[in-house]
Amino acid sequence: MKTISILGSTGSVGTQTLDLILAEPERYRVRALVGGRNVALLAEQAKRCRAEIAVIHDQDGLAALRSALAGTGIRSAAGVDAVREAAAMPADWTMASIMGMAGLHPTLAAIRRGGAIAFANKEVLVSAGDIMMDAVAAAGACLLPVDSEHNAIFQCLETHNRSAVERIILTASGGPFRQTSRELMTTITPEAALRHPVWSMGAKISIDSATMMNKGLEVIEAARLFGLPSEAVEVLIHPQSVVHGIVCYSDGSMLAQMGAPDMHIPVAHALGWPDRLTTSAKRLDLTSLAKLEFSPPDMVRFPALRVAREVLASGGAAPAIMNAANEIAVAAFLARRIGFLDIVGTVEAVLDRLGSPPAEDLESIIAFDAAARQAADAMILSRAA
């Protein structure tokens, strides 16, 4: 049996990972489940998969978690230290899907104890990419990308022909405002931004998709993960979300990965790798596809992609600063404290203020992350005054 831990089990990727595990429970033994604040869902998951331990990030949820798991033999714990300890437990395969920079230390803990790490937290690789990749090499860990686009590239990338790769193409649906004018974007509400036309995702990533910051983060993630310069990572708008990634080779060949827009597929690929699992995901019917559209992104209406490329070129702490400011700005938009266009505007303002200082260790990354959050908070507060 493959031993499994899921960091972020109550989120969108975590719940879909458990769907696959529970479909063939005889193949897996679940060691640790880590959730954020949803005690009821975490307890239900732990009982269904007979996990060894369930950990809730929110310390205030410990009493309720213990009560929900009483008599099951499943251990319970809470708090930041408990999350890191659960992440460091020996496991053959770990899903690292804790959203945002909150996932940094747990993901590093899982990487440092080795094994296969299925990676669904792009923000951590964006902010601390060099540190993470060095940790992967030092521990001999195997990093398996789960984001649909990066997983697609991973599937199409011929390891024996890496030197023949000319470029890769990440596709983007364009989100709910693909054809919306900048003028109308000033009136966008959180409810409208959360209604993604294709994918079912959590709130933060849905907003990032709407601003296209998600694709900017993915460009930085792809550059770090596959060792490519920014100019070799192309982005195309593909509203059908059927082709998820393409690798272009020097002989003119283009290898594309296609599939229904269902996160069960890339999660299953990572869970079964190097083998393939059987899933109940919808099969594509190519005869029913009237056409597949591809177009370049509009960098004027969606400046987040331009900002991300500038940050990638700047290096240093700039990616961490961008990511931190974006997390604060997205939360403020969801709380109706700022408008939709103010999200990227806040990010640019924070980058202008803090620049791209060098950041060679984890402590400096964390310090600049905190400084960016403080600056973004201050700017949002002053705008509301």
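Provided above is the structure to which this section pertains.
We now turn to the structure provided with this report.

The rules behind the values
- Residues numbered from 1 in each chain as written.
- Predicted model: local features only at pLDDT ≥ 70, side-chain atom pairs only at ≥ 80, totals over all residues.
- Heavy atoms only, no water.
- Axes fitted to C-alpha atoms, helices over the stretch in contact; angles between N-to-C directions.
- Helix = DSSP H or I, 4+ residues; strand = E, 2+ residues; numbered from the N terminus.
- Parallel < 35°, antiparallel > 145°, perpendicular 65-115°, else oblique.
- Left-handed = near helix turned anticlockwise from the far one by under 90°.
- Contact = heavy atoms within 4.5 Å.
- Nonpolar A, V, L, I, M, F, W, Y, C, P; charged D, E, K, R; others polar.
- Pairing = 2+ DSSP bridges.
- Buried < 20%, exposed > 50% of the residue type's maximum accessible area, 1.4 Å probe, protein only.
- Polar contact = N/O pair within 3.5 Å; in protein donor to acceptor, adjacent residues only side chain to side chain.
- Salt bridge = Lys/Arg side-chain N within 4 Å of Asp/Glu carboxyl O.
- Expected span 1.5 Å × (residues − 1).

## Things to note about the packing of helix α1 (residues 12-23) against helix α2 (residues 39-49)
So, step 1. Interhelical geometry of α1 versus α2 gives an angle of 20° and a closest axis separation of 11 Å. It follows from the interaxial angle that α1 and α2 lie roughly parallel. Crossing angle aside, the handedness with which α1 passes α2 is left-handed. Across the interface between the two elements, Thr 15, Leu 18 and Leu 22 from α1 touch Leu 41, Gln 45, Arg 48 and Cys 49 from α2.
So, step 2. Along the lines of polarity and charge, the residues of the contact of α1 with α2 split into 4 nonpolar, 2 polar and 1 charged.

## Describing the sheet that holds strand β10 (residues 243-249)
So, step 1. Pairing within the open sheet is mixed, and its 4 strands lie in the order β9-β8-β10-β11. Across the chains shown, the open sheet's two edge strands, defined by having one partner strand only, are β9 (233-237) and β11 (254-258). Taken over all neighbouring pairs, the strand axes of this sheet differ in orientation by 20° on average, direction set aside.
So, step 2. As defined by bridge partners, strand β8 (residues 165-172) adjoins β9 across 5 bridges and the pair is classed as parallel. Residue Ile 168 lies in a different strand from β9, and its bridge partner there is Val 233.

## Section: the side chain of Thr 211
So, step 1. Here Thr 211 shows up in helix α11 (residues 203-211).
So, step 2. Thr 211 gets classed as buried once you look at its relative accessible area, which sits at 4%.
So, step 3. Here the side chain of Thr 211 touches Met 213 through a polar contact of 3.1 Å, landing on its backbone nitrogen.
So, step 4. With near-sequence residues (within four places) excluded, Thr 211 lies in contact with Phe 302, Ala 304, Phe 340, Ile 343 and Val 344.

## Notes on the pattern of salt bridges
Side chains that carry opposite charge are capable of pairing whenever their charged atoms lie near each other.
So, step 1. Enumeration over the complete set of coordinates arrives at 17 salt bridges.
So, step 2. Ionic pairing is found between Glu 52 and Arg 31, a salt bridge with its closest N-O pair at 2.9 Å. One end of the pair, Glu 52, is in the loop between α2 and β3 (53-56); the other, Arg 31, is in strand β2 (residues 28-35), with 21 residues separating them in the sequence.
So, step 3. Judged by relative accessible area, which is 22%, Glu 52 ranks as partly exposed.
So, step 4. Arg 224 serves as the salt-bridge partner of Asp 130, at 3.9 Å between the closest nitrogen and oxygen. Taken together, the residues Asp 130 in helix α7 (residues 129-139) and Arg 224 in helix α12 (residues 213-226) connect sequence positions 94 residues apart.
So, step 5. Salt bridges sharing partners connect three or more residues here, namely Arg 29, Arg 31 and Glu 52.

## Some details on α1
So, step 1. The terminal C-alpha atoms of α1 lie 17 Å apart, and with 12 residues this matches the ideal 16 Å at 1.5 Å per residue to within 8%.
So, step 2. Turning to α1, its buried residues number three or more, namely Val 13, Gly 14, Gln 16, Thr 17, Leu 18, Leu 20 and Ile 21.
So, step 3. Elements in contact with the buried residues of α1: β1 (2-7), β2, α2, β5 (93-96) and α13 (264-272).

## Notes on the pairing of β5
So, step 1. Across the two faces of β5 the burial is the same, with Trp 93 and Met 95 and Thr 94 and Ala 96 all buried.
So, step 2. Here 4 bridges tie β1 to β5, and the two strands are oriented parallel to one another. Paired with Ser 5 across the strands is Thr 94, a residue of β5.
So, step 3. Pairing between β5 and strand β6 (residues 116-119): 4 bridges, direction parallel. Paired with Ala 96 across the strands is Phe 119, a residue of β6.

Remember, this is a structural readout, not a statement about activity or role.
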